[in-house]
Amino acid sequence: EDLGDHAFLEEQRRTAGQPEQKAVVFRGVGGTDKDVVIRDSPEAIAAMKGVFKRLCTSSREMLSVSDIKKVHSLLGEPLDESDVPAMLEFFKASVESDLVVTFDMFMS
């Protein structure tokens, strides 16, 4: 499965006698020069991509502030409406329907 434009599979060599380890690297997370390295199998990352897609209400594969509120509820940590202005400010969003989180940001 496609993990996104910024995701790359890297094999990293261990010291002598240790097996190679695979990692998925997300380059430039959130439009920054920060890379996020996830040391998990490509299959596990693809499974997370599937979860992310199910959470998205947008065809652009981005989570809105409203989607993030839903994630909090699904995780058993519902947000109070008084938390919404702080979330909007944190994501630099104007309204709850603004798309603010890409898959690479979700994984970081």
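Up top you'll find the structure we're talking about.
Quick look at the structure, then. Note that the structure is a prediction, hence the values are computed from the model and not measured.

**Thoughts on unusual backbone geometry**
- The backbone phi angle of Glu 61 is positive, close to 55°, even though this residue is not glycine.
- As for its placement among the helices and strands, Glu 61 is situated in the loop between helix 1 (42–55) and strand 4 (63–64).
- Its identity as a non-glycine residue notwithstanding, Lys 92 has a phi of 55°, on the positive side.
- Positionally, Lys 92 belongs in the loop between helix 3 (84–90) and strand 5 (99–101).

**Observations regarding the packing of aromatic side chains**
- Applying the stated criterion to the full structure yields 4 aromatic pairs.
- On the basis of an interplanar angle of 55° and a centroid distance of 5.1 Å, the ring pair of Phe 52 and Phe 106 is categorised as tilted. In this pair, Phe 52 is assigned in helix 1 and Phe 106 in helix 4 (residues 103–107), connecting sequence segments 54 residues apart.
- The exposure class of Phe 52 is buried, given its relative accessible area of 0%.

**Things to note about the layout of surface pockets**
- Roughly 250 Å³ of internal volume is contained in the largest pocket.
- Lining of the largest pocket is provided by 12 residues; of these, Ile 68, Phe 91, Val 101, Met 105 and Phe 106 occupy positions nearest its centre.
- At the level of secondary structure, the elements contributing two or more residues to the lining of the largest pocket comprise helix 2 (65–74) and helix 4.
- No other element matches helix 2, which puts 3 residues into the lining of the largest pocket.
- A breakdown of the residues in the lining of the largest pocket according to their chemical character gives 10 nonpolar, 2 polar and no charged.

**Let's talk about the side chain of Asp 67**
- Of note, Asp 67 is situated in helix 2.
- Look at Asp 67: it is buried, it has no salt bridge, and the nearest opposite charge is Lys 70 at 4.3 Å.
- Those residues in contact with Asp 67 that sit more than four places away from it in its chain are Leu 55, Cys 56, Thr 57 and Met 62.

How each quantity is defined
- Sequence order as written defines the numbering, with residues in each chain counted from 1.
- Given that this is a predicted model, residues contribute local features only at a pLDDT of at least 70 and side-chain atom pairs are listed and counted only at 80 or more, while totals for whole chains, interfaces and linings are drawn from all residues.
- The side-chain values count all of the structure's non-hydrogen atoms but skip hydrogen atoms and water molecules.
- Helix and strand definitions here come from DSSP, where helices need a minimum of 4 consecutive H or I residues and strands a minimum of 2 consecutive E residues; each element is numbered from the N-terminal end.
- For Phe, Tyr and Trp, where Trp contributes only its six-membered ring, two rings pair if their centres lie within 6.5 Å, and the inter-plane angle classes them as stacked under 30 degrees, edge-to-face over 60, or tilted in between.
- Each residue is placed in one exposure class: buried if its accessible area under a 1.4 Å probe, protein chains only, is under 20% of its type's maximum, exposed if it is over 50%, and partly exposed if it falls in between.
- Only protein atoms enter the 1 Å grid used here. Points where a 1.4 Å probe fits but cannot escape make up a cavity, open sets with protein on both sides within 12 Å along at least five of seven lines make up a pocket, and a residue lines them when an atom lies within 4 Å of a point.
- Grid points are joined across faces, edges and corners, and a volume is the space filled by probe spheres set on the points.
- Only Asp, Glu, Lys and Arg are considered charged, only Ala, Val, Leu, Ile, Met, Phe, Trp, Tyr, Cys and Pro nonpolar, and every remaining residue, Gly among them, polar.
- Positive residues here are Lys and Arg, negative ones are Asp and Glu, while His and the chain termini are left out of the count.
- Any carboxyl oxygen of Asp or Glu within 4 Å of a side-chain nitrogen of Lys or Arg constitutes a salt bridge here.
- Contacts: residue pairs with any heavy atoms within 4.5 Å of one another.

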